[in-house]
Amino acid sequence: MIEISRVSKWYAEFQVLKDCTTCVSKGDVVVVCGPSGSGKSTLIKCVNGLEPFQKGEVTVDGVSVGDPKTKLPKLRARVGMVFQHFELFPHLRVVENLRLGQEKVLGRSREEADAKATALLERVGLTAHARKYPGELSGGQQQRVAIARALAMDPICMLFDEPTSALDPEMISEVLDVMVDLAQEGMTMMVVTHEMGFARKVADRVIFMDRGEIVEDAAKDDFFGQPRSERAQQFLSKILAH
Amino acid sequence: MFSNFDWDVIARSLPYLFLDGMTFTLMLTALATAGGVVIGTLIAMMRLGGLPVLPWMAAGYVNVIRSLPLVLVIFWFYFLVPYIGQWVTGASRPVQVGAFTSSLVTFTLFEAAYFAEIMRAGIQSIPNGQVAAGYALGLTYWQVMANVVLPQAFRNMIPVLLTQTIILFQDTSLVYVLSITDFLGAASKVAQRDGRLVEMYLFAAAVYFVMSFAASSLVRRLQARIAIVR
Amino acid sequence: MSYNWNWSIFFEPSPEGVGTYLNMLLIGLRWTLVTALFSWIMALVLGSLVGVLRTLPSKRAQRFGFAYVELFRNIPLLVQMFLWFFVLPEVVPRQVGLLLKQMPGAPFYTAVVCLGFYTSARVAEQVRAGVGSLGRGQRMAGTALGLTTGQVYRYVLLPMAFRIMLPPLTSEFLNNIKNTSVALTIGLLELTARARAMQEFSFQVFEAFTAATLIYLAVNVVVVTLMRVLERSVRVPGFIMGK
């Protein structure tokens, strides 16, 4: 579904991504982890073209992201993204947040969009908050709305950029639960996160990045059982220690 | 139009424009800035001081001046200053003041209201801990202000103060309403005398533009450097 | 003080034949407000466009926006007025120039256009700051949903930016009202001009200018109050300004 092939990216002189190659097959859940500055957020933003890249290729469901002829809005409509800081639209009510993409990008009618929004809000457990503004919700609630907003577009795959990093500890599980459900239903997911418990539960593969390179790319059991590279081992031992 | 653009009229009047006109403009700008900053700082201190009545008076002054067009204030002081002079000196009739004095008083007091707000923001941006530390050392209120708060406030607000000066520089052109010969006034006189409005006004616009743009570019660069240091 | 106060001057007829002096001032006020309103509408439209241009990723758009703003910011307003009023009719084709010079109400139209452009540059800066304060996250979230750039501005960025900008925009609107006084130099009979005329006809300097001062203050209070009402009605619950 997602193919990343020899992607390199520079910010001026500084190389942020170095020759990254990996792929995410349909139905797979791939977790990307690594220290800060390793380029994992940047890599995931290359998948839906939010970050341009200078070398290499990224293909989503056969569509090339880097090709100038590709209509990016159409592609992005099919790829869902969830951000670290939720990024709900503060001037719109929850249900309006869910409706905006459906109506303006997919061209759905108000009734269709509403029906979808209601169903999704129920799924993430937030029906009671439909008419509230994002500013009135807690972090965990906002993030669940953000996931619902992405799902409202009926995406073929979902990208998560450190979805729980900005949350207070007691709210992390409510968001992870939604993500676990999603994974178990067979959604193709690429998740940048430090939550190794989540990875152990539902990931098919784990990718470890350091300083712009993909250092380790292994099946879950292999990764947690016997990581091959020293850097991955050090990283794991540090985050699993607490 | 541009086929008979008279460059010569510009060239001929350059000495008059710059020696008479621009000198006036720059002097007025410099003096009004100096006076305005000093008075503005005092007004800001009055407002933040905590004594009775003074904050109210200071706020009143600032709010009234900032609600009025500069043109109106120019007229106000043009007529008012002679009477104030009479009151201050005890003369029997309103004191005749020159155009320069009148406009200097006007611009100093007008801009003081704006500088007051800038300095107020600057003073308020200094953390309370600084003031507390000053008092803890045994300094008096005036010592704390003069040695601890104002130097820092001033330094923080330099870019904003400079920008306000550039605005002042442009505002001085309004002395035109009193027929005073600043740079624009000089250009206007030449324009009307020689019938060359297009050339003179375009030239005046160009000169103001170059000077203001250069000044604000310098301020921008200064701001960038301060940001890095912080 | 050797000045003769005469506060009843306002009810005496003015030599212009439009009624009392008070009437004269109020007519001036009307010109002030009408000029300010029309130029403000122009400034909002143009300024928003240019402000948006400055926030677009295109380098050409940014450079144009920068040039536009710098042009109108670095030339004094009075000089700009003169350019529009005296220079423009000379540089356009002769027929158009003649039309401009003979047009009734030329000071009014010139003032509106001049102030429109002048204030639009300041509005543009406010729009740029407003959109900029939203951070990259909002723009990314909109883009990630598949919205085009135009849609992102229309549905995500600008609605919030305008709410954030209401206080500084209020200041700009008040500045615009004050700036109408500069047009007295090209013959617009607005409030300050009328006060000056009243002073010249009646010699009651301080009454005339006090009245003008009080009127400007009153306008200020009314505008600020209206803006506060507007701010409250569009406030987004739970949103704290700035992240």
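That block above? That's the structure.
Below, the structure is looked at part by part.

### Describing the interface of chain A and chain C
Step number 1: Across the boundary between the two partners, chain A contributes 24 residues, which contact 23 residues of chain C.
Step number 2: We note a salt bridge from E51 of chain A to R136 of chain C, for which the minimum N-O separation is 3.7 Å.
Step number 3: Taken together, chain A and chain C are joined by five residue pairs in polar contact (both at pLDDT 80 or more).
Step number 4: Only α2 (72-78), β6 (79-82) and α3 (94-104) of chain A provide two or more residues apiece to the side of chain A that touches chain C.
Step number 5: Partitioning the side of chain A that touches chain C into residue classes produces 13 nonpolar, four polar and seven charged.

### Details of the pairing of strand β3 (residues 29-33) of chain A
Residues and elements named next belong to chain A.
Step number 1: Taken across its five residues, β3 has five buried, putting it largely inside the fold.
Step number 2: Alternating residues of β3 divide into V29, V31 and C33 and V30 and V32, and every residue in both groups is buried.
Step number 3: Note: β3 against strand β8 (residues 188-192), four bridges, orientation parallel. Bridging across to β8, V32 finds its partner in V192.
Step number 4: As paired strands, β3 and strand β9 (residues 205-210) are joined by four bridges and run parallel to one another.

### Examining the nonpolar core
Step number 1: Formed by 150 residues in total, the largest nonpolar core has its most connected members in I2 and M190 of chain A.
Step number 2: No other element matches helix α7 (residues 149-179) of chain C, which puts 13 residues into this core.

### Points about unusual backbone geometry
Step number 1: Positioned with a positive phi, E87 of chain A is a non-glycine residue whose angle comes to about 55°.
Step number 2: Note on E87 of chain A: relative accessible area 7%, which makes it buried.
Step number 3: In the Ramachandran plot, F203 of chain C falls in the positive-phi region, its phi being about 65° despite a non-glycine side chain.
Step number 4: Among the structural elements, F203 of chain C can be located in the loop between α8 (191-202) and α9 (205-234).
Step number 5: Residue classification places F203 of chain C among the exposed positions, given a relative accessible area of 62%.

### Points about the pairing of β6 of chain A
Residue and element names in this part refer to chain A.
Step number 1: Of the two faces of β6, the one holding V79 and M81 and the one holding G80 and V82 are both buried throughout.
Step number 2: Here four bridges tie β6 to strand β7 (residues 157-161), and the two strands are oriented parallel to one another. Within β7, the residue paired with V79 across the bridge is C157.

### Things to note about the pattern of salt bridges
Residue and element names in this part refer to chain A.
Step number 1: Scanning the model with the defined rule gives 28 salt bridges over all chains in all.
Step number 2: For D161, the salt bridge identified is with K45, shortest N-O distance 3.5 Å. In this pair, D161 sits in strand β7 while K45 sits in helix α1 (residues 40-47), placing the two residues 116 residues apart along the sequence. Each member of the pair, D161 together with K45, is buried.
Step number 3: Within the structure, one salt-bridge network assembled from shared partners comprises R99, E103, R110 and D114.

### Some words on the interface of chain C and chain B
A common way to express how large an interface is: the accessible area buried when the components associate.
Step number 1: Contacts between the two partners involve 35 residues from chain C and, on the opposite side, 35 residues from chain B.
Step number 2: Taken over both partners, the interface formed by chain C and chain B buries close to 3,300 Å², and the fraction arising from carbon and sulfur atoms is 77%.
Step number 3: For the chain C face of the interface with chain B, the top three residues by lost area are N74, K178 and F206 of chain C, together amounting to 17%.
Step number 4: Our enumeration of links across chain C and chain B arrives at one salt bridge.
Step number 5: For E70 of chain C, the salt bridge is made with R220 of chain B, and the minimal N-O distance between the two is 3.6 Å.
Step number 6: Here chain C and chain B share seven residue pairs in polar contact (both at pLDDT 80 or more) between them.
Step number 7: Of all the secondary-structure elements, those providing two or more residues to the side of chain C that touches chain B are α2 (59-73), α3 (77-91), α8 and α9 of chain C.
Step number 8: Counting residues per element, the side of chain C that touches chain B draws most heavily on α9 of chain C, which supplies nine residues.
Step number 9: Class assignment for the residues of the side of chain C that touches chain B results in 21 nonpolar, nine polar and five charged.

What counts and what doesn't
Residues numbered from 1 in each chain as written. Chains lettered and ligands numbered in written order. Predicted model: local features only at pLDDT ≥ 70, side-chain atom pairs only at ≥ 80, totals over all residues. Heavy atoms only, no water. Contact = heavy atoms within 4.5 Å. Salt bridge = Lys/Arg side-chain N within 4 Å of Asp/Glu carboxyl O. Polar contact = N/O pair within 3.5 Å; in protein donor to acceptor, adjacent residues only side chain to side chain. Helix = DSSP H or I, 4+ residues; strand = E, 2+ residues; numbered from the N terminus. Nonpolar A, V, L, I, M, F, W, Y, C, P; charged D, E, K, R; others polar. Buried < 20%, exposed > 50% of the residue type's maximum accessible area, 1.4 Å probe, protein only. Pairing = 2+ DSSP bridges. Core = buried A, V, L, I, M, F, W, Y, C linked by side-chain atoms within 4.5 Å. Buried area = accessible area lost by both parts, 1.4 Å probe.

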